[in-house]
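Below are the chains, spelled out letter by letter.
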Amino acid sequence: MPTFSNPVLPGSRPDPSICRVGADYCLVTSSFAYFPGLPVHHSRDLVDWTPLGHVVDRPSQVSLTGLDVSDGLWAATIRHHEGTFYVVVTLARGRRGSTTHLFTASDPAGPWSDPVALDAEGIDPSLFFDDDGRCWFTACRDAAEPEVTGPGELWMRELDLHRQELTGPTYALWYGAVRGAWVEAPHLYKRDGVYHLIAAEGGTEHHHAVTAARAESVTGPYTTDPRSPLLTHRHRGAAEPVHNVGHADLVDTPAGETWAVVLGTRPTDGTHTLGREVFLVPVEWTDRGPVFAPETGRVGLSERLPAGVAAPPARDGRPVRDDFAGPALGPEWTGLRGPTDHLVFPLPGEGGLSIRLSPEPLTSTGTPAFVARPQQHLRMRAAARVRLTAPAPGQEAGLVVFQNERRHATLALTVDGDGTRQAVLTAVDAGIPTRLGAVPVTGTEVVLAVDGDEAAYAFHVEDGARSTVGSIERPFFSTERAGGFVGVHLGLYGTSGTGEGKAHVRWFEYVPDRD
């Protein structure tokens, strides 16, 4: 039987939501404080995904300024109804829901509308279009009586599509299947006249799980599916290759199958650096409701192809080289909290990317001169050919392995007060930088590189010969050590205390070693 490899979207792409229009599937994931925000991907087979663009690509839509990397745009849902795509999402501040936004578009590639703020509290909003054309909004929030019901509550109101506002009474739907666990990520589906409410419980870490309830009426009352959890890896051992499974969204295929996209992680020795990734799982409908992964009961690294997909599609395991030919960065690149005017490309007569050094450091919650892409493979190499123009003390530019603003590492070209050019490796922990190593450089343009594997990230400089500057253990960049909800991003940056100076990046290369 032909198979495909999970995850179908590797790297930090958490909280997947999916919809189908004809033969086309569209998927959106969380982006937190990265900008552009809410990446949209497209597929014809559920396995190979191509980036289309972003829902949030204009700073006028949403302000992310001042936010921690793990705040920002959380857990969007994408749906399609009568020619219009809808995305609802929570803007989080201080790890709590702040504002719920509704975006619309006629094309998932955009442009997407300016958002409409909905009168909704909590996080993880979703939409359900019933057979009668009515649209129902669901989300999760703190329960009014947590000592009685449990800490979380799934709730519902009707969404008036014409006025784009919530209307009518609020319905408390369900408090989850696991006593004392927070319930979140509600999605509604209707099958044979029965409403199925799929949710997540146990947090987004080891105890994450898919749970369910059902009702005869859309507004309830909902009864817990006694089989809950329907999908989890909380009971599996440390050797299990996929952990933290949950946050499911379902889609029906033209061939009549149902599949779920879920998030999961791939830890090594108890820690993961790639973040929460998108996995694809078959679903079978029975009289009792959905059965996830009916043959195995687990999310595997290999799974059968969906019906109608004739052969295993090619997966992206090739090196990626970006010469920054312009006129814009590709959709895989993002910055922090908004667009930066410190990136100019192509450089006239040379090509490549010019970085105007910014006084905004990577440790701030502003918008530094920074662009990055998610790390997608445990074993990989990232490299860039960099030149620091007319350098002065206090200026630096180069590669960054970025977990968050308080934990990251840089390999940068710098100059000392005596004019000595160096490549300096710095680790930032709790916002405090520590210089780990340095090598002198003689060329005006050198290759800065980082090699990652199960053990460490090793940093090198190629300046006529290859020199190793130092290494940092891989768990330093893990979510378990750093906290938050994001995985490692690999990228480029430039800072200067004076705001002057510039760097030229001739190319950036990402070379995966297939895991």
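These remarks concern the structure in this document. All figures in this text were calculated on a predicted structure; none of them were measured in a lab.

**Concerning the overall build of the protein**
Right, so step 1: When helices and strands are counted, the protein shows 2 helices and 39 strands.
Right, so step 2: Relative to its length of 515 residues, the protein is compact, with a C-alpha radius of gyration of 23 Å against a globular reference of 24 Å.
Right, so step 3: Projected onto the principal axes, the alpha-carbon positions of the protein cover approximately 75 × 50 × 45 Å.
Right, so step 4: Here the protein holds 515 residues, and 57% of them are scored as buried.
Right, so step 5: Summed over its atoms, the accessible surface of the protein is roughly 19400 Å², and 49% of this surface lies on carbon and sulfur atoms.
Right, so step 6: Between the centroid of the 44 positive side chains of the protein and the centroid of its 63 negative side chains there is a distance of 3 Å.

**Regarding the pairing of strand β5 (residues 37-43)**
Where a strand is regular, its side chains alternate between the two sheet faces.
Right, so step 1: β5 sits mainly inside the fold: 6 of its 7 residues count as buried.
Right, so step 2: Sheet topology places strand β3 (residues 24-28) next to β5; 4 bridges connect them, and they run antiparallel. Within β5, the residue paired with Tyr25 across the bridge is Ser43.
Right, so step 3: Between the end of β5 and the start of strand β6 (residues 50-56), which pair antiparallel, lie 6 residues, with Leu46 showing a positive phi angle near 75°.

**Section: the packing of aromatic side chains**
Right, so step 1: Evaluation of the coordinates by the stated rule reveals 12 aromatic pairs.
Right, so step 2: Members of the aromatic cluster, connected to one another through ring pairs, are Phe32, Trp74 and Phe485.
Right, so step 3: The ring of Trp507 is capped by Arg321, whose NZ or CZ atom sits 4.3 Å from the centre of that ring.

**Some remarks on unusual backbone geometry**
Trans is the prevailing form of peptide bonds, just as negative phi is the prevailing case for residues other than glycine.
Right, so step 1: Here the residue pair Gly220 and Pro221 is connected by a cis peptide bond, since its omega of 10° sits within 30 degrees of zero.
Right, so step 2: You can see Pro221 is positioned in the loop between β17 (209-215) and β18 (223-224).
Right, so step 3: At the junction of Ser228 and Pro229, the peptide bond is cis and its omega measures out at 0° in the coordinates.
Right, so step 4: Its location among the elements puts Pro229 in the loop between β18 and β19 (231-232).

**Examining the sheet that holds strand β12 (residues 135-142)**
Two strands in a sheet stick together by hydrogen bonds in their backbones, pointing the same way (parallel) or opposite ways (antiparallel).
Right, so step 1: If you walk across this open sheet you meet the 4 strands as β11-β12-β13-β14, and the pairing is antiparallel. Each edge of the sheet is formed by a strand with only one pairing partner; in this case those strands are β11 (123-129) and β14 (165-174). Each strand axis lies, on average, 25° off the axis of its neighbour in the sheet, ignoring direction.
Right, so step 2: Where β11 and β12 come together, 5 bridges link them in antiparallel fashion. Residue Ile123 lies in a different strand from β12, and its bridge partner there is Cys140.

**Comments concerning the pattern of salt bridges**
Right, so step 1: Tallied over the entire structure, the rule returns 35 salt bridges.
Right, so step 2: A salt bridge links Asp114 to Arg58; the nearest nitrogen and oxygen atoms lie 2.9 Å apart. Of the two residues, Asp114 is situated in the loop between β9 (96-105) and β10 (116-118) and Arg58 in the loop between β6 and β7 (72-81); the sequence distance between them amounts to 56 residues.
Right, so step 3: Given a relative accessible area of 26%, Arg58 falls into the partly exposed group.
Right, so step 4: Across the pair Glu332 and Arg373 runs a salt bridge whose closest N-O atoms are separated by 3.7 Å. Linking Glu332 in the loop between β25 (320-322) and β26 (335-336) with Arg373 in strand β29 (residues 370-374), this pair joins segments that are 41 residues apart in sequence.
Right, so step 5: For Glu332, a relative accessible area of 22% translates into the label partly exposed.
Right, so step 6: Among the residues examined, Arg373 registers a relative accessible area of 8% and is labelled buried.
Right, so step 7: Put simply, Arg381, Asp451, Glu462 and Arg466 are held in one network by salt bridges that share partners.

**Regarding the sheet that holds β6**
Right, so step 1: Reading across the sheet, the 4 strands line up as β2-β3-β5-β6 and stay open at both edges, with antiparallel pairing between neighbours. Each having just a single partner strand, β2 (17-21) and β6 make up the two edges of the open sheet. Going across the sheet, the axis of each strand differs from the next one's by a mean of 25°, ignoring polarity.
Right, so step 2: Pairing between β5 and β6: 5 bridges, direction antiparallel. Bridge pairing in β6 places His41 opposite Pro51.

**Some details on the pairing of strand β32 (residues 407-415)**
Right, so step 1: Within β32, 9 of the 9 residues are buried, which leaves the element mostly enclosed by the surrounding structure.
Right, so step 2: Alternating positions in β32 separate into two faces, Arg407, Ala409, Leu411, Leu413 and Val415 on one and His408, Thr410, Ala412 and Thr414 on the other, with burial throughout.
Right, so step 3: By the bridge criterion, 7 bridges tie strand β31 (residues 395-404) to β32 in an arrangement that is antiparallel. If you follow Ala397 over to β32, its bridge partner there is Leu413.
Right, so step 4: Connecting the antiparallel pair β31 and β32 is a turn made up of 2 residues.
Right, so step 5: As paired strands, β32 and strand β33 (residues 421-429) are joined by 9 bridges and run antiparallel to one another. For Leu413, the partnering residue across the bridge sits in β33 and is Ala423.

**Here we look at the nonpolar core**
As a rule of thumb, soluble globular proteins bury nonpolar side chains together.
Right, so step 1: Counting residues in hydrophobic clusters, the biggest one holds 41 residues, and the most contacted among them are Leu448, Phe459, Val461, Leu492 and Phe508.
Right, so step 2: Among the elements that line this core, the one with the most residues is strand β30 (residues 379-389), at 5 residues.
Right, so step 3: With 32 residues, the next largest nonpolar core counts Trp136, Met156, Leu197 and Val218 among its residues.

**Remarks on the environment of Leu329**
Right, so step 1: By the secondary structure assignment, Leu329 is in the loop between β25 and β26.
Right, so step 2: The spatial distance from the C-alpha of Leu329 to the C-alpha of Ser228 is 44 Å, given a sequence separation of 101 residues.

**Regarding the environment of Arg321**
Right, so step 1: The residue Arg321 is located in strand β25 in this model.
Right, so step 2: The exposure class assigned to Arg321 is partly exposed, which follows from its relative accessible area of 42%.
Right, so step 3: For the pair Arg321 and Glu509, spaced 188 residues apart in the sequence, the C-alpha separation amounts to 4.3 Å.
Right, so step 4: Among all residues touching Arg321, those that are not within four sequence positions of it are Trp507, Phe508 and Glu509.

Reading the values: rules and limits
Residues numbered from 1 in each chain as written. Predicted model: local features only at pLDDT ≥ 70, side-chain atom pairs only at ≥ 80, totals over all residues. Heavy atoms only, no water. Helix = DSSP H or I, 4+ residues; strand = E, 2+ residues; numbered from the N terminus. Rg over C-alpha atoms; globule rule 2.2 N^0.38 Å. Buried < 20%, exposed > 50% of the residue type's maximum accessible area, 1.4 Å probe, protein only. Areas by Shrake-Rupley, 256 points an atom, 1.4 Å probe, with all protein chains shown as cover. Lys, Arg positive; Asp, Glu negative; His and termini not counted. Charge placed at Lys NZ, Arg CZ, Asp CG, Glu CD. Pairing = 2+ DSSP bridges. Phe/Tyr/Trp six-rings, centres within 6.5 Å; stacked < 30°, edge-to-face > 60°. Lys NZ or Arg CZ within 6 Å of the ring centre and 35° of its normal. Axes fitted to C-alpha atoms, helices over the stretch in contact; angles between N-to-C directions. Salt bridge = Lys/Arg side-chain N within 4 Å of Asp/Glu carboxyl O. Core = buried A, V, L, I, M, F, W, Y, C linked by side-chain atoms within 4.5 Å. Contact = heavy atoms within 4.5 Å.

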